[in-house]
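Single-letter residue listing:
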Amino acid sequence: MTGPGQRISDADPEETREWLDALEAVVKRHGKARGVFLLSQLEEQARQLDILTHALPYSSYRNTIALEQQAVHPGDVALEERITAILRWNALAMVVRANEAYGELGGHVASYASAAEIFEVGFNHFFRADSDDRRNGDLVFFQPHSAPGVYARAFLEGRLSEDQLAHFRQEVGGRGLCSYPHPWLMPAFWQVPTGSMGIGPINAIYQARFMRYLDHRHLAETAERHVWGVFGDGEMDEPESVGALTLAAREQLDNLTFIINCNLQRLDGPVRGNGQIIQELEGLFTGAGWNVIKVLWGSDWDPLFARDTHHALLRRFAETTDGQYQTLGANDGAYNQAHFFQLDPELRALVANMSLAEIDALKRGGHDLRKLYAAFAAARAHRGQPSVILAKTKKGYGMGGAGESRMTSHQQKKLDLATLRGLRDRFELPLSDEQVAALHFIKPAEDSEELRYLRARRAALGGYLPCRRADAPAIGVPPLDSYAAFALEADGKEMSTTMAAVRLFSNLLRDRTLGPRIVPIVADEARTFGMANLFRQIGIYSPSGQLYEPEDAGSLLAYREARDGQLLEEGITEAGALSSWVAAATAYSVHGERLLPFYIFYSMFGFQRVGDLIWAAADQRARGFLIGATAGRTTLGGEGLQHQDGSSHLAAAAIPNCRAYDPAFAGELAVIIDHGARSMMQQSDDAFYYLTVTNESYPQPSLPREAASQVLRGLYRHAVVGAEVRRASVRLLGSGAILREVCAAATILAQDWHVASEIWSATSYSELAREAAQVARWNRLHPLQAPRVSHLEQSLPGDTPIVAASDYVRAYPQLIAPYLAANFTVLGTDGFGRSDTRAALRRFFEVDRHHVVLAALDALARRGDIDRRSVAQALERSGIDPELPAPWTR
Ligand SMILES: Cc1ncc(C[n+]2csc(CCOP(=O)(O)OP(=O)(O)O)c2C)c(N)n1
């Protein structure tokens, strides 16, 4: 099997020519349809002969759009080229300046140098901005390390100052520009984060899909909007980049266009040195069902193709590997003449009348504004499929010997004077030698042709972008009691917190105002979490409705797909489901409509599996609920090592705007969901909520009203046991299902050891630690003022020993350790999970009631409050084997 770039030798060129001539003659005499018919017959015959296994899944190495079909560029190409040259220079100057001044700020020159024309065609002709009163513009994902080019343009547009450009990558102090697109850091500018390769492509697909969802559900008119994504060819190696391509085709997302900047290089070297990435991507995208438009060669190649009636060029292209294309790109006309055209007599003849300078100037398609325009126009007009433009470019275009198609071009950020002057001369930039040396930013006069053109083009497209907005009308949330009474006044009713969570948002779904704006999302686990009733109640979103009779039609839980279905059933793709969640969680910004997504998933497959997507969501100021269900390393009995989550809270704690909770009871959950819903739907806090819920069913107490505000702060006193005993007392902290082990331990402590316990439900160690750290910092910085006291210190003052037991690793409760005066013992679930019953797992991980008792007695004995023999007795009574190795070593 031959692959792209691998040689298919022509055993009989004479015979080949006869076949080609014959086909051409037929088309000339009888038309294209006849040609297509003959080819289809040949294809059928080839299948019969069993030789089609060698058919190539890609077309020849040339532009998809023939010259005759090429849309005419409607603008002033020469002027656009001048503007592009200025942008290229300013972007480069920004990076080089930062590195000259500080030596270690990084930044990239070569990527934008290769993408400049792609960006400019978009900016001048296609990327539409929102109107003032409506979000009807496009959403554009920019290649992250090409950010300097976007800044350079915003500078010409008057949106960024020279001072800001001079502070590229120097953000501390407030006037700098961030390295990559980060809505968190530049909230009025960047809309979507793309800095982590692969996240842009998958998020772009789901944003396009969510536009359809909003439209089909009559929540927003999105028919005019388009999603554009400019990505790198190296970036396409990421599984996330390619993981959702078929979804885009299946749902016919013709509101989506990828432009892949195929400069054939990534950071270290060629993307496919021994193959052809463009052909590989064409096969991939075509197979996935996309409309593929290749833009490989610039207009100056057209006359060559016109004369090359026997396809000598195409044969030679097919035989040239990307590693070789890179070398050709790095070298001059003489080298290209000798190492490309001279290799074939037909090619030699083809360029016989061209000078070496003309050969040198032959452009790749991705640097030709006319060719790119035609491709963008074709993509925008295409119906029924998403489109991908594969644009062949040169990395470091214009950087000459210092970076054009060089192996090291990605890292090149310090350019010598000769290179800078070479760039100035090549792009005819209006710069004196002194200005070149000073890396002067070029800003044409306000009434210059360049700025007038640039402004007029943007005005025609609705204004400037990227431009992030955050205004969205508030949405009412019904009173807590109206939908959560079952949880607040549970009065001992048995249920699991997963069940309570599903019931809470199912109740909210019935609210006339908020209900339609709730977006429940699952990755093939609705039945696991007891949500199957939603299939029928709210329907599963499917743009084609339901084209079959479901096997369970007529049942109360029938599997109902509908064009206006509300539930997003993503199938087995956590990355896809998370991307859907991001689209819904950022709808307030992208669409000016507040949506409230609940993505419910196996907690182990959240932060651990798609943590980087969650990090990007946080950057993007997502607002919504992530529900980690079947949580807790010992509470998810039976499933074992891969499924039992003991660490997600630690990951969540590291995300500054993630409010994470590990509630024990339905009432706590209700208070948290209510607070989160209000803060996201009515206020404008850029925070999202992560809640772990479990599948252990147990009696749920009613929640004391006064506890509500403390639940939100992370800690409240649930009970006091043995208040009458005077021997000694401890404080026991528990969360999630483990709180019940703590309660049982308190009873044992009182009955068997005459030790009193305060039992505290620690709903969030991360919230407690954050506030405590904030208070400690304030006190440190205000030495002469009355010290503040955190909720944690207020709740647990003094030196009464504290024992915390958690279903998560010990490092999670230990977040609060620095702020406690008392002795603090933490029991957690460090180690690999395994399948067994909850009781066996809790014993194994040493978080069951007996280990809590032991830890409490041990702490009291250390203080001298009780005799050490009591500890030994407790150990003996509980049957704990003291010689077992620690669980995290097993
Ligand atoms: C997930 C992730 N891994 C690695 C990087 C570091 N990185 C930044 S750019 C780059 C190379 C990009 O190559 P390509 O996509 O081909 O873009 P080009 O710069 O060549 O246009 C790498 C590896 C990253 N940003 N994200």
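Remember, predicted model here, so these are calculated numbers, not experimental data.

Enquirer: Can you help me understand the overall build of the protein in this one?
Expert: Secondary structure assignment for the protein yields 35 helices and 20 strands. Against the compact-globule benchmark of 29 Å for 890 residues, the protein has a radius of gyration of 32 Å, which places it among compact chains. With respect to the principal axes defined by its C-alpha atoms, the protein has extents near 105 × 70 × 55 Å. Counting every position in the protein, which comprises 890 residues, the buried fraction comes to 58%. In the protein, once contacts between residues fewer than 6 apart in sequence are set aside, the share between residues at least 24 apart is 78%. Each charge class in the protein can be summarised by its mean position, and for the 91 positive and 107 negative side chains these summaries are 3 Å apart.

Enquirer: Even after reading the chapter, I still don't get the nonpolar core, so can you show me in this structure?
Expert: A general feature of soluble globular proteins is that nonpolar side chains tend to end up buried together. Counting residues in each nonpolar core, the largest one holds 92 residues, and the members touching the most others are Ile205, Phe258, Trp290 and Trp581. Ranked by the residues each element gives to this core, the list is headed by helix H7 (residues 199-216), at ten residues. With residues near it in sequence (within four places) discarded, tryptophan 290 still touches Ile205, Leu245, Ala248, Ala249, Leu256, Phe258, Phe285, Gln385, Pro386, Ser387 and Val388. In this structure, Met495, Leu596, Ala737 and Ala745 belong to the second largest nonpolar core, which totals 89 residues.

Enquirer: Looking at this structure, I do not really get a negative patch on the surface. What am I missing?
Expert: On the surface, Asp10, Asp12, Glu14, Glu15, Glu18 and Asp21 cluster together to form a negatively charged patch. Along the chain, the position of aspartate 12 falls in the segment before helix H1 (13-30). Overall, the relative accessible area of 35% leaves aspartate 12 in the partly exposed class.

Enquirer: Just checking my understanding: could you explain the pairing of strand E7 (residues 518-522) for this structure?
Expert: Successive side chains on a regular strand alternate, one facing one side of the sheet and the next facing the other. Counting buried positions along E7 yields five of five residues, so the element is predominantly enclosed. Judged by which residues are buried, E7 turns out to be covered on both faces: Ile518, Pro520 and Val522 on one side and Val519 and Ile521 on the other are all buried. As paired elements, E7 and strand E11 (residues 596-602) share five bridges and run parallel to each other. By the bridge assignment, valine 519 is partnered in E11 with proline 597. Strand direction decides the pairing type here: E7 and strand E10 (residues 568-569), joined by two bridges, are parallel. Directly across from isoleucine 521, in E10, lies its bridge partner leucine 568.

Enquirer: I tried to follow the state of the cysteines on my own but got confused; where do I start?
Expert: Working definition of a disulfide: a covalent bond connecting the sulfur atoms of two cysteines. If you walk through the whole model with that rule in mind, you get zero disulfides. With no disulfide of its own, cysteine 178 lies closest to cysteine 467 among cysteine sulfurs, the gap being 15 Å.

Enquirer: When you look at the packing of helix H21 (residues 480-488) against helix H22 (residues 497-509) in this model, what are you seeing that I'm missing?
Expert: Axis angle and axis distance: for two packed helices, these are the angle between their axes and the distance between the axes, and together they describe the pair. Orientation of H21 relative to H22, taken along the N-to-C sense of each, is 165 degrees, at an axis distance of 9 Å. Considering their axes alone, H21 and H22 lie roughly antiparallel with respect to each other. In this structure, H21 crosses over H22, and the sense of that crossing is right-handed. For the pair H21 and H22, contact is made by Tyr483, Ala484 and Phe486 and by Ala500, Arg503, Leu504, Asn507 and Leu508, respectively. Grouping the constituent residues of the contact of H21 with H22 by class yields six nonpolar, one polar and one charged.

Enquirer: So what exactly am I meant to see when it comes to the sheet that holds strand E1 (residues 139-141) here?
Expert: Read across the open sheet, the five strands follow the order E1-E2-E3-E5-E4; overall the sheet is parallel. Where the open sheet ends on each side, the last strands, each with one partner, are E1 and strand E4 (291-295). For this sheet, the mean angle separating the axes of adjacent strands, direction not counted, is 15 degrees. Pairing of strand E2 (residues 227-232) with strand E3 (residues 256-262) involves six bridges; the strand directions are parallel. Looking across to E3, one finds that glycine 229 is bridged to phenylalanine 258. Against the sheet, helix H17 (residues 369-381) contacts E2, E3, E4 and strand E5 (387-392), and its axis sits at roughly 175 degrees relative to E4.

Enquirer: I would appreciate a short explanation of the environment of proline 787 in the present structure.
Expert: Position of proline 787 among the secondary structure elements: in the loop between helix H31 (765-781) and helix H32 (791-795). With twelve residues separating them in the primary sequence, proline 787 and valine 775 have C-alpha atoms 8.4 Å apart.

Enquirer: How should the environment of asparagine 90 be read in this particular structure?
Expert: For asparagine 90, the location among the structural elements is in helix H3 (residues 77-102). Once the C-alpha coordinates of asparagine 90 and phenylalanine 155 are considered, the two residues, 65 residues apart in sequence, prove to be 9.0 Å apart. Apart from the residues lying within four places of it in its own chain, the contact partners of asparagine 90 are Ala152, Phe155, Leu156, His440, Phe441 and Ile442.

Enquirer: How should the site of the ligand be read in this particular structure?
Expert: By nearness alone, 18 residues border the ligand, and Ser111, Gln143, His145, Gln265 and Lys395 come closest of all. Between the ligand and glutamine 143, the relevant distance is 2.7 Å, taken from an oxygen atom to a side-chain nitrogen or oxygen of the residue. Between the ligand and histidine 145, the relevant distance is 2.7 Å, taken from an oxygen atom to a side-chain nitrogen or oxygen of the residue. For the ligand, whose free accessible area comes to 590 Å², the fraction covered by protein is 75%. Here the residues of the shell around the ligand sort into two nonpolar, eleven polar and five charged.

Enquirer: What am I meant to see in unusual backbone geometry here?
Expert: Excluding glycine, a negative phi dihedral is what most residues carry, and trans is how most peptide bonds are arranged. With an omega of 0 degrees, the peptide bond between leucine 465 and proline 466 qualifies as cis. Looking at the secondary structure, you find proline 466 in the loop between helix H20 (449-460) and H21. For arginine 169, which is not glycine, the phi dihedral falls at a positive 65 degrees. On the secondary structure map, arginine 169 appears in the loop between helix H6 (162-166) and H7. Note on arginine 169: relative accessible area 18%, which makes it buried.

Enquirer: What is the right way to read helix H34 (residues 849-863) from this model?
Expert: Over its 15 residues, H34 runs 22 Å from end to end, which matches the ideal 21 Å to within 8%, given 1.5 Å per residue. H34 sits mainly inside the fold: eleven of its 15 residues count as buried. In the segment just after H34, glycine 864 is the residue with positive phi, at about 85 degrees.

Enquirer: What exactly am I supposed to notice about the pairing of E4 here?
Expert: Within E4, five of the five residues are buried, which leaves the element mostly enclosed by the surrounding structure. Neither face of E4 is open: one carries Asn291, Ile293 and Val295, the other Val292 and Lys294, and all of them are buried. In terms of strand pairing, E4 meets E5 through five bridges, oriented parallel. In the strand pairing of E5, asparagine 291 is matched with serine 387.

Enquirer: In this structure, what is going on with the sheet that holds strand E13 (residues 658-661)? I would like to understand it.
Expert: Backbone-to-backbone hydrogen bonds join strands into a sheet, with any given pair of strands oriented parallel or antiparallel. Strand order across the open sheet formed by six strands is E10-E7-E11-E12-E14-E13, with parallel pairing between neighbours. Edge positions in the sheet fall to E10 and E13, since each of these pairs with one other strand and no more. Strands E11, strand E12 (625-629), E13 and strand E14 (688-692) of the sheet are contacted by helix H28 (residues 666-681), whose axis makes an angle of about 165 degrees with E14.

Enquirer: Before we go on, may I ask you to explain helix H5 (residues 147-156) in this structure?
Expert: Since the α-helix advances by 3.6 residues per turn, residues separated by three or four positions end up pointing in the same direction. Of all ten residues that make up H5, ten are buried, and the element is covered over most of its length. Within the sequence span of H5, burial applies to Ala147, Pro148, Gly149, Val150, Tyr151, Ala152, Arg153, Ala154, Phe155 and Leu156. The inward-facing, buried residues of H5 contact H3, helix H4 (110-126), H6 and H20. Within two residues after H5, glycine 158 carries a phi angle of roughly 80 degrees, on the positive side.

Enquirer: Just to check I follow, could you spell out the packing of aromatic side chains for this structure?
Expert: Scanning the entire structure with this criterion turns up 50 aromatic pairs. Where tyrosine 599 meets phenylalanine 601, the ring centres are 4.6 Å apart and the plane angle is 40 degrees; that geometry is what we call tilted. Per residue, the accessibility class of tyrosine 599 equals that of phenylalanine 601, and both read buried. Across from the ring centre of tyrosine 180, 5.2 Å away, lies the NZ or CZ of arginine 169, which sits over that ring. Over the aromatic face of tryptophan 888 sits the side chain of arginine 810, whose NZ or CZ is 4.1 Å from the ring centroid.

Criteria and thresholds
Residues numbered from 1 in each chain as written. Predicted model: local features only at pLDDT ≥ 70, side-chain atom pairs only at ≥ 80, totals over all residues. Heavy atoms only, no water. Helix = DSSP H or I, 4+ residues; strand = E, 2+ residues; numbered from the N terminus. Rg over C-alpha atoms; globule rule 2.2 N^0.38 Å. Buried < 20%, exposed > 50% of the residue type's maximum accessible area, 1.4 Å probe, protein only. Contact = heavy atoms within 4.5 Å. Lys, Arg positive; Asp, Glu negative; His and termini not counted. Charge placed at Lys NZ, Arg CZ, Asp CG, Glu CD. Core = buried A, V, L, I, M, F, W, Y, C linked by side-chain atoms within 4.5 Å. Patch = residues over 30% accessible without salt bridge, like charges linked within 9 Å, V, L, I, M, F, W, Y side chains within 5 Å. Areas by Shrake-Rupley, 256 points an atom, 1.4 Å probe, with all protein chains shown as cover. Salt bridge = Lys/Arg side-chain N within 4 Å of Asp/Glu carboxyl O. Pairing = 2+ DSSP bridges. Disulfide = S-S within 2.5 Å. Axes fitted to C-alpha atoms, helices over the stretch in contact; angles between N-to-C directions. Parallel < 35°, antiparallel > 145°, perpendicular 65-115°, else oblique. Left-handed = near helix turned anticlockwise from the far one by under 90°. Nonpolar A, V, L, I, M, F, W, Y, C, P; charged D, E, K, R; others polar. Near = heavy atom within 4 Å. Polar contact = N/O pair within 3.5 Å; in protein donor to acceptor, adjacent residues only side chain to side chain. Expected span 1.5 Å × (residues − 1). Phe/Tyr/Trp six-rings, centres within 6.5 Å; stacked < 30°, edge-to-face > 60°. Lys NZ or Arg CZ within 6 Å of the ring centre and 35° of its normal.

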